[in-house]
Amino acid sequence: MKDLIIIGAGPCGVSAALYAQSRGCDLTIFEKEQVGGLIGKVSKVSHYTSVIVDEDGESFRKRLENQIKAYGLDLRYEEVTKLEKKDAYFLVTTNKGSYEAKKVIVAAGSTPKELDLDSKGYEIAHWARGSEERVSGKVVLVNGGSDGACKEALYLSKFAKEVHIIQNQEALMCINEFRKQIEASSNITVHTGVSLTSIDKDGDHVCKASLSNCEEIKSQEGLEVFAMIGQYPNTGFIDIDLSKNDLGFIVSDIKTPIEGLFVAGDIRVKAVKQVATAVNDGALAGIEASK
Ligand SMILES: Cc1cc2nc3c(=O)[nH]c(=O)nc-3n(C[C@H](O)[C@H](O)[C@H](O)COP(=O)(O)OP(=O)(O)OC[C@H]3O[C@@H](n4cnc5c(N)ncnc54)[C@H](O)[C@@H]3O)c2cc1C
């Protein structure tokens, strides 16, 4: 039996593992996709103290991966499909096997939400990085007006002919830094108080997008559509009764009321969801779990 199992190798899970292993915990981290979580996919990591200037998510994520190797952490690429509490231990089932642990830290974060419309077979993207060629010289629609959406819209505007930000609230919900850059941009148009209601295709490309105010955005070369409308929590595998808010995020301190169970990072309800707060949660969970 392991002392500790950590579910998720985003910034939170890696931080938890480093702090716990250094305190003598025998642990395993399970990761279903790739080390780095959400931040590994962004076009630029902003504001995190000590980040390399203009560092992209891939570079940041690789540094996390290197840290895992350097510290000899036991990382396994397996998807956790069930987490159960037995009498004196936790049973963690993955797509490859079952494991027992005295304690568990759930650092499984969140996943981008899909748009509620018929995409007619067109694949709506969530991430700007990797889409540079796809958007080159084209008209791009970014749904969402939060920090993440605005930052990624700014990145896409370097390659696209035009970028339209579609925000259902009355104003962009981003920080001043991004708002000023958007205002200064010559090829970004912001549409507030509206949502995307449908897309039309001509052959294999999107030729028209309709907005809730009856406005239409058309392009002969094809529109490229991105959904950055927020996240839903990765809690589906947790077979333990925990309090959740109406979006499904866990309402709990890092130490849950269940003995030996910790929740940390973006999966729990908290005021600020950034790398800084994810690694803070991870450090606290790792130290507490190793006591
Ligand atoms: C578009 C965007 C831009 C952002 N930009 C910044 C920024 O510039 N600066 C900043 O500080 N923050 C930024 N953030 C926020 C930051 O990315 C998150 O706060 C941070 O990644 C949360 O870390 P986490 O470890 O809690 O969760 P996540 O990063 O979501 O990591 C969770 C990990 O758990 C894994 N996982 C999930 N379910 C399972 C399972 N069942 N089994 C095994 N593994 C599982 C996932 O694959 C993932 O690797 C941005 C967020 C977005 C959406």
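Residues numbered from 1 in each chain as written. Predicted model: local features only at pLDDT ≥ 70, side-chain atom pairs only at ≥ 80, totals over all residues. Heavy atoms only, no water.

**As for the domain arrangement of the protein**
In step 1: What the domain assignment reports for the protein is domain 1 (2-111 + 231-289) and domain 2 (114-227).
In step 2: Using C-alpha coordinates to define each centre, domain 1 is positioned 31 Å away from domain 2.
In step 3: On the side of domain 2, 8 residues touch domain 1, which itself brings 12 residues to the contact.
In step 4: Both faces considered, domain 1 and domain 2 share a buried interface measuring about 850 Å² in area, 52% of it formed by carbon and sulfur atoms.
In step 5: The largest contributions to the domain 1 side of the interface with domain 2 come from Lys-41, Ser-43 and His-47, which together make up 56% of the buried area.
In step 6: The interface formed by domain 1 and domain 2 holds 0 salt bridges in total.
In step 7: Of the residues in the side of domain 1 that touches domain 2, the class split is 3 nonpolar, 5 polar and 4 charged. (Domains from an automatic or database assignment. Contact = heavy atoms within 4.5 Å. Buried area = accessible area lost by both parts, 1.4 Å probe. Salt bridge = Lys/Arg side-chain N within 4 Å of Asp/Glu carboxyl O. Nonpolar A, V, L, I, M, F, W, Y, C, P; charged D, E, K, R; others polar.)

**Structural notes on the side chain of Glu-31**
In step 1: Position of Glu-31 among the secondary structure elements: in the loop between strand S2 (27-30) and helix H2 (57-70).
In step 2: For the buried Glu-31, no salt bridge is present, and the opposite-charge side chain at shortest range is Lys-32, 7.0 Å distant.
In step 3: A polar contact is formed between the side chain of Glu-31 and the backbone nitrogen of Ala-9, at a distance of 2.8 Å.
In step 4: At a separation of 2.7 Å, a polar atom in the side chain of Glu-31 contacts the main-chain amide nitrogen of Glu-33.
In step 5: Those residues within four positions of Glu-31 in sequence are excluded, and the remaining contacts are Gly-8, Ala-9, Gly-10, Leu-75, Arg-76, Tyr-77 and Glu-78. (Helix = DSSP H or I, 4+ residues; strand = E, 2+ residues; numbered from the N terminus. Buried < 20%, exposed > 50% of the residue type's maximum accessible area, 1.4 Å probe, protein only. Lys, Arg positive; Asp, Glu negative; His and termini not counted. Polar contact = N/O pair within 3.5 Å; in protein donor to acceptor, adjacent residues only side chain to side chain.)

**Here we look at the state of the cysteines**
In step 1: Under the defined criterion, the tally for this structure stands at 0 disulfides.
In step 2: In this structure Cys-25 is a free cysteine whose sulfur lies 15 Å from that of Cys-12, the closest cysteine sulfur available.
In step 3: No disulfide involves Cys-150; its nearest neighbouring cysteine sulfur is the one of Cys-174, lying 3.7 Å away.
In step 4: On the basis of relative accessibility, which here comes to 0%, the residue Cys-150 falls in the buried class. (Disulfide = S-S within 2.5 Å.)

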